[in-house]
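# Summary of the model geometry
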Amino acid sequence: MKSQALTMPAVFAMIVLPSCFLSCSPDPSTPSTSQGKDGNSARQIMSSGAFFRLGSLDPQSSPGERTGWTRFTHDYWLDTTEVTQIEYQNLTGRDPAPVATRSASKPVVNVTWFDAVLFCNARSKRDHLDTIYEYSSASADSTGSVWAIGGLASHLDRNGWRLPTEAEWEYAARAGSTSSYAWGELADSAKAVEYAWFLKNAGASLHEAAKLKPNAWGFYDMAGNVMEWVQDWKGAFPKDTVTDFVGPDAPPDVPEAPLKGGAYTYGLEHLRPSSRTATYAAYRSAKAEYVGFRCARGGFTPTYTNASGQAVQAPPVSILRSDVARLLGARSARLVFLNRVDGKGILSWIDYGESSPVVRSLPDKDPVFHPAISPDGNWVAWCTVLEGSTGTSRIKARKLSKNDSTVLDLGSGAIPRWWVNGTDTFLIRGSTAMDNTGSDWSSGKTLAQRWSGGGLTGSVDEWTASGGYHDGRSGRHLYTGYRRLKRYDVGDKSSRTLFAYPQNGKSAGDTSQVCNASAAPDGSGRVMFLDFGYSGRSTVVGRPYGIHEVAFVADSVGNVLQTFPVASGKSQWDHLEWSNHPQWAVGVALENSGAYEEVHLLDLSTGNTLPLASGSELWMPNLWVGDERFNPSGLKIDPDSAGNYEAKLDHSLSSITGDAIFSEFSQKVKQFWGMRDSIQIAMVGSSRMGSGIICSEFHTGRTYNWGMTASHTYGDIQIVRNYLLLHSPILKVVGLSLMPGWLLESDGLDIWKAESNSVGFRYDQNHGFWRDSIVSGFDQSLGDGYPLTSEKMQQLSGDWYMAPAGWGASPPLVFRDSALEESAPALAGNLKLIRELARDLQSKGILLFMINFPQSRHYKETPYAETYGVKWDRYRNLIDSVNAIEKQYSNFHVYDAYNAGENDYDSLDFNNESHLSELGARKLSHRLDSVISSRMK
């Protein structure tokens, strides 16, 4: 749908300060709003040219709010209120808000990020604007809420409705202010009730939109009422100024989205414009009764950052098929390609082994051409010049990893290709990339060197000194294909020009111009290539054909074995390359306009093609197909199940909390498998364990922190029994979170279901958690970086690091009330689980510690003993019940660091009322290590 510009007046203009610090207040003489078709209104922010500092310098801000800079080159419209329930229902036909909070003028809630962007698309269609979000599939639960979108691409350059970027949202929320809150500093907190519905004044209820004061620029509820989805993934803000910053180009290890503005259920600290989170990590598939959104409009060219913080101005790429690994019958598959913009190619890749594949960028300061993935799928090599160039070229390489940004310079050379000979892997390169019809080509060389352990090793082998054969090796044959198809036999040292008359099917004397040569990966000596067409009737193709319209496969003496016309509706092939699997190749199928928009998979056994990805200009794809793996007894690793902890089994278990513990379990269990043999002390429990333990403070033995959001005693014990006891042979100590209030809860099984809601866990369970032996190839099935190196194991401990934000107000927050006092029947069951674990660990000589983490000392001023509120008398009885187990089992110990509020943990030792900051965690860990050491003597 083409854009149709709406004639909306500008609402106010921003003036850029000469110091380039922040934009100042709007011009009050400009018109106020533009009314939408459904009654909603938007204001235009004249932000073009403004420099803006994201985040906060407030001492109470979290590490994730550390500041960064962006510069706007665009103006944008933003809704003055959050999207209301009636607006959402009018466009989608559903109101997902809980019945108790339904009201036409209240903000819509219980919407996932995907629900929000689909609403934006629907609004764009209604208003005759471009839709911003393109996708290939959408998956919804039984209520109609969308929990996943396949092949998503966000075209932020279009003029349509979308979610605001985090920078746009925070810019509007600050409304020209530089203070911690839009209305002032912490000392001005009494003003908060004039602008925001939050814990102090909301009465734990959702309120109608726009019932309190707007901010200085006329936007309502930017603080409080409901938290709001924004466009970006959550990541670090850029240290250097990034133009039109829109966050990371792909999700980090924890695929979290920012939630902005605070909510009626949250305290004052979440009302800061820089606040980015709720209690738990927010996933795009999650929904909650306190999360909604508002819409923005205004096209611009976005700048993303990659995992190392480098700016990436990459056009959007749509993933047209996310199930490529499954289609290829493999556990995993990876695709690299160049995403080109303004004459520069940005190296990009897709990991089809992920449950929700995304496009990630790997920018480099030098030009990037001819990328090739290593035989193990872990590395990509490329050169700095295009085939045919006579310029100096370098070979470079980097790991295909979400987190490793190291680029290796492997020396001079052109167009790298990989070759496997038995257990040895070689990197092949030509000394130059020049045209092989040039007079100087024969003075070039073809060089090879062994690759091992992430680098080149040994001496450089000179395979030929009579030309640069840089298009790969198959068997004993080297190839080059620009502009003639030449073959070199490393056995008898002979060379030959292939695809000449009569083998090319053309008339005598017709010299074929060839390009895109690619040697077969199976040692057969075959080669695939394209040519410049033939206007007569080809005896090979059977008809005339155009430039690159047909792909050829020939044997080592030049006989054409197969021909493959380009996909229907496309004009020609380009950049066609064999994968590491002899059945599959990838190339770009050009549009009739000549645009390089789609990467296609070519099945060389059938000739069928399948589009994989689309963009504005995609070059030089290369595909890696993961191996199938077997154990010695012949048990095959299921390519869709083994180690696949990222894939959900039951998508109805989707919530902010449920998604958080699911994702954390996925990360924790994969880290565990990588370092299982070295764990001596295992700390398993809730987020208090996650934030309260720093493994480097333990000198008694190597420690692993398996603390997870909301994890319950039931699930903690499942982890100990099914993973730690079976696969950590030198385990000496187990630590569990002691959550006294939770001992009265009966929902431990439900929480465990959300934690373990993965294909990988079910696969472990179906194989008895590998109690007899782990199937061969299992570590590799975990994906990137497994098995772990010793250096990597040193980095992975499972620790969280939380900022010293203080334990907050007095009285502190209490999530639950006296109704919990009536939940005593669950206590006996939980105590039984603990006793049985203590008994079994005692038989194995393993110590068991129950750790009661410190909480705010201000609970002594309340009727409640802790965050999950049981009253003081009941709390003391619960502690006594756990202490009684210590008398039954000599290996069982209670470490009570809370001590009913009588402890020396100060405010800055906390991140909030019940979670330790890094300062407090180091203090507790050091003390606990001393206690463990004394008990082990």
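What this report covers is the structure whose coordinates are included nearby. (Residues numbered from 1 in each chain as written. Predicted model: local features only at pLDDT ≥ 70, side-chain atom pairs only at ≥ 80, totals over all residues. Heavy atoms only, no water.)

## Quick word on the overall build of the protein chain
The number of helices and strands found in the protein chain is 15 helices and 49 strands. Computed over the C-alpha atoms, the radius of gyration of the protein chain is 31 Å, within 12% of the 30 Å expected from 2.2 N^0.38 for a compact globule of 937 residues. Sorting the 937 residues of the protein chain into buried and exposed places 58% on the buried side. Sequence-distant contacts in the protein chain: of pairs separated by 6 or more residues, those separated by 24 or more amount to 66%. If you sum the accessible surface of the protein chain, you get close to 34500 Å²; carbon and sulfur atoms cover 49% of it. Averaging the positions of the 88 positive and the 101 negative side-chain charges in the protein chain gives two centres separated by 2 Å. (Helix = DSSP H or I, 4+ residues; strand = E, 2+ residues; numbered from the N terminus. Rg over C-alpha atoms; globule rule 2.2 N^0.38 Å. Buried < 20%, exposed > 50% of the residue type's maximum accessible area, 1.4 Å probe, protein only. Contact = heavy atoms within 4.5 Å. Areas by Shrake-Rupley, 256 points an atom, 1.4 Å probe, with all protein chains shown as cover. Lys, Arg positive; Asp, Glu negative; His and termini not counted. Charge placed at Lys NZ, Arg CZ, Asp CG, Glu CD.)

## A few points about the nonpolar core
Core analysis: the largest hydrophobic core is formed by 54 residues, its most contacted members being Phe665, Trp673, Trp706, Tyr723, Leu724, Leu736 and Phe892. Discounting residues that sit within four places of it in the chain, Leu724 has contacts with Phe672, Ile679, Ala682, Val684, Ile719 and Leu731. In terms of nonpolar packing, the next biggest core, distinct from the first, is built from 47 residues, Ala42, Val83, Ala263 and Ile346 among them. (Core = buried A, V, L, I, M, F, W, Y, C linked by side-chain atoms within 4.5 Å.)

## What to know about the packing of aromatic side chains
Counting across every chain of the model gives 44 aromatic pairs. For the pair Tyr88 and Phe119, a centre-to-centre distance of 5.5 Å together with 15° between the ring planes defines the contact as stacked. With Tyr88 in helix α1 (residues 85–92) and Phe119 in helix α2 (residues 113–126), this residue pair connects regions lying 31 residues apart in the sequence. Here Phe119 falls in the buried class, since its relative accessible area comes to 1%. Between Trp183 and Tyr195 the ring centres are 5.5 Å apart and the planes differ by 10°, which places this aromatic pair in the stacked class. Residue Trp183 is found in the loop between α3 (166–174) and α4 (192–195), and its partner Tyr195 is found in helix α4; the two are separated by 12 residues along the sequence. According to the relative accessible area criterion, Tyr195 is partly exposed, its value standing at 22%. Through a chain of ring-to-ring contacts, the aromatic side chains of Phe665, Phe672, Trp673, Tyr704, Trp706, Tyr723, Trp752, Phe761 and Phe769 assemble into a single cluster. The side chain of Arg284 reaches across the aromatic face of Trp113, ending 3.7 Å from its centre. In this structure, Arg473 is placed above the aromatic ring of Trp463, and the distance from its NZ or CZ to the ring centre is 4.5 Å. (Phe/Tyr/Trp six-rings, centres within 6.5 Å; stacked < 30°, edge-to-face > 60°. Lys NZ or Arg CZ within 6 Å of the ring centre and 35° of its normal.)

## Notes on α3
Of all nine residues in α3, nine are buried, a share of seventy percent or more. Along α3, the residues classified as buried are Glu166, Ala167, Glu168, Trp169, Glu170, Tyr171, Ala172, Ala173 and Arg174. Looking one or two places after α3, you find Ala175, whose phi comes out positive at around 50°.

## Remarks on the sheet that holds strand β30 (residues 446–451)
Strands sit in the order β28-β29-β30-β31 across an open sheet of four strands; the sheet is antiparallel. Each edge of the open sheet is held by one strand with a lone partner, namely β28 (414–421) and β31 (456–464). Each adjacent strand pair in this sheet contributes to an overall mean axis angle of 25°, direction not counted. Of the strand pairs in this sheet, β28 and strand β29 (residues 424–430) are connected by six bridges, and their pairing is antiparallel. Within the sheet, the bridge partner assigned to Arg417 lies in β29 and is Ile428. (Pairing = 2+ DSSP bridges. Axes fitted to C-alpha atoms, helices over the stretch in contact; angles between N-to-C directions.)

## Observations regarding the side chain of Thr464
Looking at the secondary structure, you find Thr464 in strand β31. Of note is the side chain of Thr464, whose polar atom sits 2.8 Å from the side chain of Ser466. Leave out the neighbours within four places in its chain, and Thr464 touches Gly444, Lys445, Thr446, Tyr469, Leu478 and Tyr488. (Polar contact = N/O pair within 3.5 Å; in protein donor to acceptor, adjacent residues only side chain to side chain.)

## Some thoughts on the sheet that holds strand β49 (residues 892–896)
The parallel open sheet is built from five strands, whose spatial order is β46-β45-β47-β48-β49. The open sheet has two edge strands with one neighbour each: β46 (703–707) and β49. Neighbouring strand axes in the sheet, compared pairwise and without regard to direction, differ in orientation by 20° on average. Pairing of strand β47 (residues 733–737) with strand β48 (residues 847–852) involves five bridges; the strand directions are parallel. Across the sheet, residue Val733 finds its bridge partner in β48, namely Leu847. Against the sheet, helix α14 (residues 872–888) engages β48 and β49, with an angle of about 145° to β49.

## Focus: the environment of Phe769
Relative to the helices and strands, Phe769 resides in the loop between α10 (759–766) and α11 (778–781). Given the relative accessible area of 8%, Phe769 is considered buried.

## Side note on the pairing of strand β24 (residues 369–373)
Counting buried residues in β24 gives five out of five residues, a clear majority hidden from the surface. Bridge count for β24 against strand β25 (residues 379–383) is three bridges, and the pairing is antiparallel. Across the sheet, residue Phe369 finds its bridge partner in β25, namely Cys383. Taking the residues that link successive antiparallel strands as the turn, the β24-β25 hairpin has five residues, and the phi of Gly377 there is positive, at about 80°.

## Topic: the pattern of salt bridges
Counting across every chain of the model gives 45 salt bridges. Residue Arg158 pairs with Glu134 through a salt bridge whose shortest N-O separation is 3.0 Å. Residue Arg158 is found in the loop between β10 (153–154) and β11 (161–162), and its partner Glu134 is found in strand β7 (residues 133–134); the two are separated by 24 residues along the sequence. For Glu134, a relative accessible area of 30% gives the class partly exposed. Taking the shortest distance from any N to any O, the salt bridge between Asp909 and Lys923 comes out at 2.8 Å. With Asp909 in the loop between β49 and α15 (918–936) and Lys923 in helix α15, this residue pair connects regions lying 14 residues apart in the sequence. Judged by its relative accessible area of 8%, Asp909 is buried. By relative accessible area, which is 24% here, Lys923 ends up partly exposed. The network of salt bridges with shared partners includes Glu166, Glu170, Arg174, Lys260 and Arg276. (Salt bridge = Lys/Arg side-chain N within 4 Å of Asp/Glu carboxyl O.)

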